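If you want the building blocks of each chain, they are given just below.
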Amino acid sequence: MGSFSIWHWLIVLVIVALVFGTKKLRNIGSDLGGAVKGFKEGMKDVGEEEKTPESVSQRAADPQTIDVQAKEKSDRA
């Protein structure tokens, strides 16, 4: 009842390939890889957001920035 030998795993692999087919297994593998890649990118984005404590609205104004108000243009003639 110990661990399985390599022959047991090969038989299981052959049975799984026969049941699902190699094309479906390849698709599942690529979908799983894409999901893992997306998860890593999402975690990387969250990590970068946590590193910058200031949000856009809390940033100090650049001394060269000109603060103006925009007004709508009216067509009154």
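Residue positions are given per chain, counted from 1 along the sequence in the order it is written. For a predicted model such as this one, the threshold for reporting local features is a pLDDT of at least 70, and the threshold for listing and counting side-chain atom pairs is 80 or more; totals across whole chains, interfaces and linings nevertheless cover every residue. Each side-chain value is worked out from all heavy atoms of the structure, with water and hydrogens disregarded.

J.: What exactly am I supposed to notice about the overall build of the protein chain here?
T.: Labels follow the DSSP assignment, with helices taken as runs of H or I lasting at least four residues and strands as runs of E lasting at least two, numbered in each case from the N terminus. The helix and strand tally for the protein chain stands at two helices and zero strands. A 1.4 Å probe rolled over the protein chains alone gives each residue an accessible area, and that area as a share of the maximum for its type sets the label: buried under 20%, exposed over 50%, partly exposed in between. Residue burial in the protein chain is summarised as follows: out of 77 residues, 0% are buried. Computed by Shrake-Rupley with a 1.4 Å probe, the accessible areas treat only the displayed protein chains as cover when residues are assessed. A total accessible area of about 8200 Å² is found for the protein chain, and carbon and sulfur atoms account for 61% of it.

J.: I tried to follow the packing of aromatic side chains on my own but got confused; where do I start?
T.: In this description, an aromatic ring pair is defined by two values, namely the gap between the centres and the angle between the planes. Pairing of aromatic rings covers Phe, Tyr and Trp, the last counted by its six-membered ring, and requires centre-to-centre distances within 6.5 Å; plane angles under 30 degrees mean stacked, over 60 mean edge-to-face, and any other angle means tilted. Per the stated rule, a full pass over the model turns up one aromatic pair. Here Phe 4 and Trp 9 contribute two aromatic rings whose centre-to-centre distance is 5.6 Å and whose plane-to-plane angle is 80°, an arrangement assigned as edge-to-face. By relative accessible area, Phe 4 is classed as exposed at 53%.

J.: I would appreciate a short explanation of a nonpolar patch on the surface in the present structure.
T.: Like charges within 9 Å and nonpolar side chains (Val, Leu, Ile, Met, Phe, Trp, Tyr) within 5 Å are joined into patches, using only residues over 30% in relative accessible area that form no salt bridge. Should a side-chain nitrogen of Lys or Arg be within 4 Å of a carboxyl oxygen of Asp or Glu, the pair is scored as a salt bridge. A cluster of nonpolar residues, Ile 11, Ile 15, Val 19, Phe 20, Leu 25 and Ile 28, forms a patch on the protein surface that exposes about 560 Å² of accessible area. Among the secondary structure elements, those contributing two or more residues to the nonpolar patch are α1 (6-20) and α2 (22-51). Broken down by element, the nonpolar patch gets its largest block of residues, four residues, from α1. Along the chain, the position of Phe 20 falls in helix α1.

J.: Hey, could you run me through α1 in this one?
T.: Take the number of residues in a helix, subtract one, and multiply by 1.5 Å to get its expected span. Compared with an ideal rise of 1.5 Å per residue, which puts 15 residues at 21 Å, α1 spans 21 Å between its outermost C-alpha atoms and is within 8% of the ideal. Just beyond α1, the residue with positive phi is Gly 21, at close to 85°.

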